[in-house]
Amino acid sequence: MNGKPLTKSQLSSSLAEKAGITKATAKTVIDAIASIACEEVKEKGEFTIPGIGKLVISNRSARMGRNPATGEEISIPARKVLKFRVAKACKDSVLD
């Protein structure tokens, strides 16, 4: 493990090799999945990739925080955040 994540080009090459398709087709598939994921999360609030995990929108409530430089208390407003929840099958596969 070299500590660096796969680049889009490396992922395209690996997908092309495993699926028996061209690198250009693999890149198109990756782009399409990313586009569909963004659209689905925006529309429905979640997107699942079976066996890998789920992208979900979560509401973070307002809270009080502290400015680390001055120690002053500040109000942090409520907002929506995007989270990724790893599927149990993927978690079990990676952590075993």
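Data block above holds the structure.
In short, a report on the structure. Small disclaimer: the values here were computed from a predicted structure and weren't measured.

## What to know about the overall build of the protein chain
What the protein chain contains, in helices and strands, is three helices and five strands. Reading the helices (α) and strands (β) of the protein chain from amino to carboxyl end gives α-α-β-β-β-β-β-α. Rg of the C-alpha trace for the protein chain: 19 Å, well past the compact-globule value of 12 Å for 96 residues, more than 25% over. Its C-alpha atoms put the protein chain at 60 × 35 × 25 Å along the principal axes. Across the 96 residues that make up the protein chain, the buried fraction comes to 12%. Counted over contacts in the protein chain with a minimum sequence separation of 6, partners at least 24 positions apart contribute 29%. Total accessible area on the protein chain stands at roughly 7800 Å², and carbon and sulfur atoms take up 58% of it. Distance between charge centroids for the protein chain: 3 Å, based on 17 positive and 10 negative side chains.

## Comments concerning the pattern of salt bridges
Side chains that carry opposite charge are capable of pairing whenever their charged atoms lie near each other. If you walk through the whole model with that rule in mind, you get six salt bridges. In this structure, Lys27 and Asp31 form a salt bridge, with 3.4 Å as the shortest nitrogen-oxygen distance. One end of the pair is Lys27 and the other is Asp31, both in helix 2 (residues 23-44) and four residues apart, which spans about a single turn. Looking at Lys27, the relative accessible area reads 39%, which means it is partly exposed. The class for Asp31 is partly exposed, based on a relative accessible area of 31%. Each of the salt bridges in this network shares a partner with another, and the network as a whole consists of Lys8, Lys27 and Asp31.

## Remarks on the side chain of Ser12
Within the secondary structure layout, Ser12 lies in helix 1 (residues 8-19). For Ser12, a relative accessible area of 5% puts it in the buried group. Residues in contact with Ser12, not counting those within four places in the same chain, are Lys23, Ala26, Lys27 and Ile30.

## A look at a positive patch on the surface
Together, Arg60, Arg63, Arg79, Lys83 and Arg85 make up a region of like positive charge exposed at the surface. Counting residues per element, the positive patch draws most heavily on strand 5 (residues 79-86), which supplies three residues. For Arg63, the position within the fold is in strand 3 (residues 63-66).

Each value, and the rule that gives it
Residues numbered from 1 in each chain as written. Predicted model: local features only at pLDDT ≥ 70, side-chain atom pairs only at ≥ 80, totals over all residues. Heavy atoms only, no water. Helix = DSSP H or I, 4+ residues; strand = E, 2+ residues; numbered from the N terminus. Rg over C-alpha atoms; globule rule 2.2 N^0.38 Å. Buried < 20%, exposed > 50% of the residue type's maximum accessible area, 1.4 Å probe, protein only. Contact = heavy atoms within 4.5 Å. Areas by Shrake-Rupley, 256 points an atom, 1.4 Å probe, with all protein chains shown as cover. Lys, Arg positive; Asp, Glu negative; His and termini not counted. Charge placed at Lys NZ, Arg CZ, Asp CG, Glu CD. Salt bridge = Lys/Arg side-chain N within 4 Å of Asp/Glu carboxyl O. Patch = residues over 30% accessible without salt bridge, like charges linked within 9 Å, V, L, I, M, F, W, Y side chains within 5 Å.

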